[in-house]
Amino acid sequence: MFIESPQVEVYFLAIIDILTRYGVKKRTANAAKTVKYGAGAEISTVEPDQYARRFLTFIESVFK
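Residues numbered from 1 in each chain as written. Predicted model: local features only at pLDDT ≥ 70, side-chain atom pairs only at ≥ 80, totals over all residues. Heavy atoms only, no water.

Caption draft 1: Inspection of helix H1 (residues 24-37) at higher detail. Across its 14 residues, H1 extends 20 Å between first and last C-alpha, which sits within 8% of the 20 Å expected from 1.5 Å per residue. Once H1 finishes, Gly 38 follows within two positions and takes phi at roughly 100°, a positive value. (Helix = DSSP H or I, 4+ residues; strand = E, 2+ residues; numbered from the N terminus. Expected span 1.5 Å × (residues − 1).)

Caption draft 2: Region of the structure containing the environment of Glu 47. Counting through the fold element by element, Glu 47 comes out in the loop between H1 and helix H2 (48-62). In sequence terms Glu 47 and Gly 23 are 24 residues apart; their C-alpha atoms lie 10 Å from each other. Ignoring any residue separated from it by four or fewer positions in sequence, one finds Glu 47 in contact with Tyr 22 and Asn 30. (Contact = heavy atoms within 4.5 Å.)

Caption draft 3: Broad picture of the pattern of salt bridges. On inspection of all chains with the given rule, the structure shows one salt bridge. Residues Glu 42 and Arg 54 are paired through a salt bridge, measuring 3.3 Å at the closest nitrogen-oxygen approach. Pair noted here: Glu 42 is in the loop between H1 and H2 and Arg 54 is in helix H2, with a separation of 12 residues, a long-range link. Its relative accessible area of 65% is what places Glu 42 among the exposed residues. (Salt bridge = Lys/Arg side-chain N within 4 Å of Asp/Glu carboxyl O. Buried < 20%, exposed > 50% of the residue type's maximum accessible area, 1.4 Å probe, protein only.)

Caption draft 4: Fine view of the side chain of Asn 30. Locating Asn 30 in the fold gives a position in helix H1. Overall, Asn 30 belongs to the buried group, its relative accessible area being 15%. Excluding residues within four positions of it along the chain, Asn 30 makes contact with Tyr 22, Ile 43, Thr 45, Val 46 and Glu 47.

Caption draft 5: Geometry of a nonpolar patch on the surface. Together, Leu 13, Ile 15, Ile 18, Leu 19, Phe 58, Val 62 and Phe 63 make up an exposed nonpolar region whose accessible area comes to about 790 Å². Of note, Ile 18 is situated in the segment before H1. (Patch = residues over 30% accessible without salt bridge, like charges linked within 9 Å, V, L, I, M, F, W, Y side chains within 5 Å. Areas by Shrake-Rupley, 256 points an atom, 1.4 Å probe, with all protein chains shown as cover.)

Right under this line is the structure:
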């Protein structure tokens, strides 16, 4: 006889991006990507305020 056990879901969450310094290297990457893809493009290297808003929006959408 097979007895069904309740399913357990385990989630792992790691936040390392907030530890990255937004210095000359990141500013240069942001400028280069903006030139290449345009000012309205969704690029990975953005200023800290914009990154924080985007990150919080993502986290909220995951836990809804």
